[in-house]
Amino acid sequence: MAFPQKVRQTDMRNFLIWFGLLILMACDQVPITDGAARKVSEARERNDAPAIWRLQDEDSTLYLFGTVHLLPDDLNWQRDDMREAFAASGTVFFEADNEGAAALRAQALATRLGLRTDGRRLTDTLDNYQSNLLEAVANNGALDLAALDAMQPWLAGEFLTLSAAQGEGLSANLSADEALKSRAARSGKNVVYFETPEDQIRQIADLPETVQLELLTNTMERFDDMGPGLRRIAEDWAVGDVAALERDLTTPLATAPAGYREAIFLDRHERWADRLDRFMQGSGTGFVAVGTSHLVGDGSLIDALEARGYDVARHLAFLGEDVIRPANLDLPNVPTGQE
């Protein structure tokens, strides 16, 4: 979806929201005061933002915020709605700690598990088509073919993805995850990690070689389009277009090799949901920041929480409690993923 189309969708959504406001004010005789007009104006400015979901019980609230790990450095994604939910939370959950000593241990493990030590090269495990594809990708991406040839399939795939992202101006240095970890440290939040970096590496490094090779082949075949696709995902994420994200993030899983979806998504979601269920059994407010791919599509973390009896819904704070009445506004019909 091109960016100019996004602007037109935003205009249409703003029109629909204003139209809904006029109907509500006409029916409910809400006076249009300067304060109300100001709140409406502020709500419109905060209309588009990365999606937040929320679940509650009598004494606990949990916000679920989907992140993107690779972002352009000029993308404006931090909004007041996220900041307010984050500020209200005493505990913040992240996927894993990737800083300091944990990062060093992860780097050492990735090197040990990702570089071949069996005397074989990556191309020894590839057929003629795959070998030629690897050479073409290395040439198109200005990458060192010999370095790729020394890697296990899973690490080569990760390296190619990162290279495609960097070629499009995307980086993990200013990712949403890093920004929120920094904010949590500055704010003195109680930080909880679902996993260790070692857990994350093992989840893909321990996949059977046949699965790794299939994933690598898919990555090589999509390499030329991968960078623009990752940028499009970042832009759709920044304006909360959940429908587009679900399409782009979950569609490839339909053809993923056996065992991949279970290891990378479903099994982890069950463990994370158990941890969050324990949090909800206590009291307080928490904030969960995990990759958006874990919050959309069938088998998501949201599905796992709903299976445990929680009602999870989009947190649409931009509506404003004193300005727009959510119960009377049929937002599911708004054509931009604001469901």
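Residues numbered from 1 in each chain as written. Predicted model: local features only at pLDDT ≥ 70, side-chain atom pairs only at ≥ 80, totals over all residues. Heavy atoms only, no water.

Draft legend 1. Fine view of the pairing of strand 4 (residues 91–96). Counting buried residues along strand 4, 6 of its 6 residues qualify, which places the element largely inside the surrounding structure. Pairing of strand 4 with strand 6 (residues 190–195), which is carried by 5 bridges, proceeds in the parallel orientation. The residue bridging T91 from the neighbouring strand is N190, located in strand 6. (Buried < 20%, exposed > 50% of the residue type's maximum accessible area, 1.4 Å probe, protein only. Helix = DSSP H or I, 4+ residues; strand = E, 2+ residues; numbered from the N terminus. Pairing = 2+ DSSP bridges.)

Draft legend 2. Seen up close, the confidence of the model for the protein. Scored by pLDDT, the protein has a mean of 83; 79% of the residues are at 70 or more. Looking over the protein, one finds the lowest element-wise mean pLDDT in helix 1 (residues 3–28), namely 33, and the highest in helix 14 (residues 301–307), namely 98. Note that pLDDT drops below 50 for residues 320–339; the model gives that stretch 45 contacts with residues more than four away or on any other chain. (pLDDT = per-residue confidence, 0-100. Contact = heavy atoms within 4.5 Å.)

Draft legend 3. Spotlight on the packing of helix 11 (residues 223–238) against helix 12 (residues 242–250). Packing of helix 11 against helix 12 brings their axes to within 9 Å, and their N-to-C directions diverge by 150°. Judged by the angle between their axes, helix 11 and helix 12 are roughly antiparallel. Taken as a pair, helix 11 and helix 12 cross one another with a handedness that is left-handed. Judged by residue contacts, R232, I233, D236 and W237 of helix 11 engage A244, L245, D248 and L249 from helix 12. In terms of residue class, the contact of helix 11 with helix 12 is made up of 5 nonpolar, no polar and 3 charged. (Axes fitted to C-alpha atoms, helices over the stretch in contact; angles between N-to-C directions. Parallel < 35°, antiparallel > 145°, perpendicular 65-115°, else oblique. Left-handed = near helix turned anticlockwise from the far one by under 90°. Nonpolar A, V, L, I, M, F, W, Y, C, P; charged D, E, K, R; others polar.)

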